[in-house]
Amino acid sequence: MKSRLSCQNFRRYNAPSIVGRQPSSPSPPSPSPSPPPPPPKSRRWVQLVLITAAAGGIGAYIRSEQGSRSSTLTPTQFTPYYLVSREPVSSSGSIFTLQPPKVDGSNHAVYEKAWTTGIWSVMFKQPQLQIGRDYTPLPLTSPEEEEDECLRFFIRRDPHGEVSRYLHSLDIGSPIEVRGPRSECGIPPDTQQILFIAGGTGIAPALQAAHSLLRRTDQTRKPRIHILWANRKRDDCVGGVSDTVVAPSPQRSWLFGRSAASTASSAPVAPIPRESRSLIVRELEALQAQYPGQMTVDYFVDEEGNAIGKQAILSFTNTTESSSRNPGQENLILVSGPEGFISHMAGPKLWAEGMELQGPLRGIIKELNLKDWAVWKL
């Protein structure tokens, strides 16, 4: 960084007064001085050349600085990605697709390392307020997106969220400053079973966990993941049909604070054509089709009185515990969603000395007293 000089570093000098000798006799008054002649054309031409050269040099420097700025995602500085598409998932959420300024293959290794590790996020900056928020990339759904080094995000418009409101106000083609990746939760290499309890947009890290875990499948290893996805409205998961028959839970809803079973409807739900289903539902179904028998999903809707209760959790953990397990095999329960949802399921996270900590295990999962299951709050 170039040093900046303060005005205090310069001393001001007054022009010296010129004192002439007093004439001995009065002299006739001299004529009034005439204005200086204009500079010759050659001098003006030189000045014009110098100004033009200086402006050209400054422009070239700026262009070189912009051109030399890396388009590789890095956790140490923000990189300007560009919004290339925004697809509505529901009345309040959309999938954002971002692309780096230059597609030169430099991000492939960065993305691959993050996916291999487990669950990861990147930070978006709101430039007016100079604040940021972490968002979880979704798995890519096409070779074209992977080749273009795109990143996809499921973002809900929060009326109280400064960053989400800013993102939803942007036009296609707008720059978005991104920094990352940041590891949220590493999935150990020997993990064989994951129960993911997701609330709302917490389905994004659930899709990440499924993608990261299931891509480890080979001839001798077939890991499993079961996702319990709770939403406030059916609008968020239109067309989603549960794989496990789960009766409405008599527990109190974490959102509405009343008995969820009291408003449950037992009427059968007619199947919805694929093109009318939520984009997130379609992505869940695509992963299920890619890894048959290794991924199951159950849907819960608060306004329908269907909440995630103890039986929904035990239906998976009991099956896993009764099956044969290899020594050293890891089983994980991951919880992601709004703070109230996480607190209801596993107890609140804590802040201490500027750091977010897991805090003690509480809530429904604590009451179940599950053995051989590690719990992590996202």
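Residues numbered from 1 in each chain as written. Predicted model: local features only at pLDDT ≥ 70, side-chain atom pairs only at ≥ 80, totals over all residues. Heavy atoms only, no water.

### Description of the overall build of the protein
- Helix and strand content of the protein: nine helices and 14 strands.
- Per-residue burial over the protein gives 38% buried out of 378 residues.
- Here the contacts in the protein between residues at least 6 apart in sequence split such that 72% fall between residues at least 24 apart.
- Counting every atom, the protein has about 22,400 Å² of accessible surface; 54% of that belongs to carbon and sulfur. (Helix = DSSP H or I, 4+ residues; strand = E, 2+ residues; numbered from the N terminus. Buried < 20%, exposed > 50% of the residue type's maximum accessible area, 1.4 Å probe, protein only. Contact = heavy atoms within 4.5 Å. Areas by Shrake-Rupley, 256 points an atom, 1.4 Å probe, with all protein chains shown as cover.)

### Observations concerning the confidence of the model for the protein
- Across the protein, pLDDT averages 80, with 72% of residues at or above 70.
- Confidence, read as mean pLDDT per element, is least for helix 1 (residues 41–68) in the protein (49) and greatest for strand 9 (residues 224–231) (97).
- Taken as a whole, residues 58–68 scores under 50 in pLDDT and shows two contacts with residues more than four places along the chain or in a different chain. (pLDDT = per-residue confidence, 0-100.)

### Details of the side chain of glutamate 283
- Along the chain, glutamate 283 turns up in helix 6 (residues 279–290).
- Among the polar contacts listed, one links the side chain of glutamate 283 to the side chain of arginine 152, at a separation of 2.2 Å.
- What glutamate 283 contacts, discounting residues up to four positions off in sequence, is Ile95, Pro139, Thr141, Arg152 and Leu207. (Polar contact = N/O pair within 3.5 Å; in protein donor to acceptor, adjacent residues only side chain to side chain.)

### What to know about a negative patch on the surface
- A surface patch of like charges, here negative, comprises Glu144, Glu146, Glu147 and Asp148.
- With respect to the helices, strands and loops of the structure, glutamate 147 is situated in helix 3 (residues 143–147).
- Look at glutamate 147 and you get exposed, because its relative accessible area is 55%. (Patch = residues over 30% accessible without salt bridge, like charges linked within 9 Å, V, L, I, M, F, W, Y side chains within 5 Å. Salt bridge = Lys/Arg side-chain N within 4 Å of Asp/Glu carboxyl O. Lys, Arg positive; Asp, Glu negative; His and termini not counted. Charge placed at Lys NZ, Arg CZ, Asp CG, Glu CD.)

### Focus: a nonpolar patch on the surface
- Side chains of Leu350, Met355 and Leu357 sit close together on the surface and give an oily, nonpolar patch of about 270 Å² of accessible area.
- Tracing the backbone shows methionine 355 in strand 13 (residues 355–357).

### Thoughts on the environment of asparagine 331
- In this fold, asparagine 331 is placed in strand 11 (residues 330–336).
- Classification of asparagine 331 as buried rests on a relative accessible area of 2%.
- Sequence separation of asparagine 331 and valine 375 is 44 residues, and the distance between their C-alpha atoms is 8.9 Å.

### A word on the sheet that holds strand 11
- If you walk across this open sheet you meet the five strands as 10-9-8-11-14, and the pairing is parallel. The open sheet has two edge strands with one neighbour each: strand 10 (295–301) and strand 14 (374–377). Ignoring strand direction, the axes of neighbouring strands in this sheet form an average angle of 15°.
- Looking at chain direction, strand 8 (residues 191–199) and strand 11 are connected through seven bridges and run parallel. Counterpart to glutamine 193 in the pairing with strand 11 is asparagine 331.
- In the packing of helix 6 onto the sheet, contacts are made with strand 9 and strand 10, and the angle to strand 10 comes to roughly 155°.
- Its contacts with the sheet place helix 8 (residues 339–346) against strand 8, strand 9, strand 11 and strand 14, and it is angled at close to 140° to strand 11. (Pairing = 2+ DSSP bridges. Axes fitted to C-alpha atoms, helices over the stretch in contact; angles between N-to-C directions.)

### A word on the packing of aromatic side chains
- Taken as a whole and judged by the stated rule, the model has six aromatic pairs.
- When the centroid spacing of 4.8 Å and the interplanar angle of 75° are considered together, the rings of phenylalanine 124 and phenylalanine 153 count as edge-to-face. Here phenylalanine 124, found in strand 3 (residues 118–126), pairs with phenylalanine 153, found in strand 6 (residues 151–156); they are 29 residues apart in sequence, far enough to count as distant. Phenylalanine 153 carries the same exposure label as phenylalanine 124, and that label is buried.
- An aromatic cluster is present here, built from Tyr111, Trp115 and Trp120 joined pairwise through their rings.
- Note that lysine 125 overlies the ring of phenylalanine 78, its terminal NZ or CZ placed 4.7 Å from the centroid. (Phe/Tyr/Trp six-rings, centres within 6.5 Å; stacked < 30°, edge-to-face > 60°. Lys NZ or Arg CZ within 6 Å of the ring centre and 35° of its normal.)

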